[in-house]
Amino acid sequence: MLRPNPAFLLKVLSPFHVNRPIEFMVLLPPPFASEQESRLHLLCPVRALRCYLERTKDIRCSDQLFMSYGAQTLGQVLSKQRLSYWIVDTITMAYESTGTLVPEHL
């Protein structure tokens, strides 16, 4: 379960949305009925988040989910600009990996 940063400004401000925890469902939890289910489990967002948190626990300087991995800023809170760059870069790689043209103003 993830809890939003209290300083985060929501686009839709209502009692229903404020400080509401985010829950993810496990995709194909063990035990696996087949090798294919085992491979598909690698796509599970819960598994990915657990792995990320486990692998970054020793350098984490904050309870924020995303953090910097640069030498001078290792483990510090990630800036909005850097997170935006990561998202655009990831979307660009997804387009390129499928051989699809990347939109001009991504």
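See the structure printed just above.
Every chain is numbered independently, its residues counted from 1 as its sequence is written. For a predicted model such as this one, the threshold for reporting local features is a pLDDT of at least 70, and the threshold for listing and counting side-chain atom pairs is 80 or more; totals across whole chains, interfaces and linings nevertheless cover every residue. Water and hydrogen atoms were dropped before computing side-chain values, which therefore reflect all heavy atoms in the structure.

A. Local environment of the overall build of the chain. Only runs of H or I of at least four residues qualify as helices and only runs of E of at least two qualify as strands under DSSP, and these elements are numbered from the N terminus. Secondary structure summary: the chain contains three helices and zero strands in total. Walking the chain from its N terminus toward its C terminus, one meets helices and strands in the order α-α-α. Relative to a compact globule of 106 residues, whose C-alpha radius of gyration would be 13 Å, the chain shows 17 Å and is clearly more extended. Relative accessibility decides the category of a residue: with a 1.4 Å probe and only protein chains considered, values under 20% of the type maximum give buried, values over 50% give exposed, and everything between is partly exposed. Every one of the 106 residues in the chain was classed for burial, and the buried ones make up 9%. Whether two residues touch is decided by their heavy atoms; if any such pair falls within 4.5 Å, the residues are in contact. By sequence separation, contacts in the chain at least 24 residues apart represent 5% of the contacts at least 6 residues apart. Averaging the positions of the 11 positive and the 9 negative side-chain charges in the chain gives two centres separated by 7 Å. For the radius of gyration, the atom set is restricted to C-alpha positions; the globular benchmark scales as 2.2 Å times the number of residues to the power 0.38. Counting rule applied: Lys, Arg positive; Asp, Glu negative; His and chain ends not counted. Note on charges: their place is set at NZ of Lys, CZ of Arg, CG of Asp or CD of Glu.

B. Structural detail: the side chain of histidine 41. Topologically, histidine 41 is positioned in helix α1 (residues 35-41). Histidine 41 gets classed as buried once you look at its relative accessible area, which sits at 12%. Polar contact criterion, stated in full: a pair of N or O atoms within 3.5 Å, where within protein one must be able to donate a hydrogen and the other to accept it, and residues adjacent in sequence count only if both atoms are side-chain atoms. A polar atom in the side chain of histidine 41 sits 3.0 Å from the backbone oxygen of leucine 28. Apart from residues no more than four positions distant in its own chain, histidine 41 is found in contact with Val26, Leu27, Leu28, Pro29, Pro30, Phe32 and Arg47.

C. The arrangement of the pattern of salt bridges in detail. By definition, a salt bridge exists where a carboxyl oxygen of Asp or Glu is found within 4 Å of a side-chain nitrogen of Lys or Arg. Scanning the model with the defined rule gives one salt bridge in all. Where glutamate 54 meets lysine 57, a salt bridge forms, and the shortest distance between an N and an O atom there is 2.8 Å. Residue lysine 57 is classed as partly exposed on the basis of its relative accessible area, which comes to 46%.

D. Region of the structure containing a nonpolar patch on the surface. There is a patch of nonpolar side chains on the surface, built from Phe8, Leu10, Leu13 and Val18 and spanning about 400 Å² of accessible area. By the secondary structure assignment, phenylalanine 8 is in the segment before α1. Residues enter a patch when their relative accessible area is above 30% and they make no salt bridge; the linking distance is 9 Å between like charges and 5 Å between nonpolar side chains (Val, Leu, Ile, Met, Phe, Trp, Tyr). Shrake-Rupley sampling with a 1.4 Å probe provides the accessible areas, and residues are treated as covered by the protein chains on show and by no other component.

E. View of helix α3 (residues 80-97). The terminal C-alpha atoms of α3, which comprises 18 residues, lie 26 Å apart, in line with the 26 Å expected from a rise of 1.5 Å per residue. Remark: glycine 99 follows α3 within two positions and exhibits a positive phi of approximately 75°. Given a helix with a known number of residues, its expected span is that number minus one, times 1.5 Å.

F. Structural detail: the environment of glycine 75. Residue position: glycine 75 is located in the loop between α2 (45-56) and α3. Under the relative-accessibility criterion, glycine 75 is labelled buried at 0%. For the pair glycine 75 and cysteine 61, spaced 14 residues apart in sequence, the C-alpha separation works out to 5.2 Å. In this structure glycine 75 touches Ile59, Arg60, Cys61, Ser62, Met67 and Ser68, once residues within four positions along its chain are discounted.

G. Inspection of the packing of aromatic side chains at higher detail. Pairing of aromatic side chains requires ring centres within 6.5 Å, counting the rings of Phe and Tyr and the six-membered ring of Trp. Pairs whose planes differ by under 30 degrees are stacked, by over 60 edge-to-face, and all others tilted. Taken as a whole and judged by the stated rule, the model has two aromatic pairs. Aromatic pair tyrosine 52 and phenylalanine 66: ring centres 6.3 Å apart, planes at 50°, arrangement tilted. Of the two residues, tyrosine 52 is situated in helix α2 and phenylalanine 66 in the loop between α2 and α3; the sequence distance between them amounts to 14 residues. By relative accessible area, phenylalanine 66 is classed as partly exposed at 39%. Taken together, a centroid distance of 5.4 Å and an interplanar angle of 20° make the contact between tyrosine 69 and tryptophan 86 stacked. With a gap of 17 residues between them, tyrosine 69 in the loop between α2 and α3 and tryptophan 86 in helix α3 connect regions that are remote in the sequence. Tyrosine 69 sits in the exposed class, given a relative accessible area of 61%.

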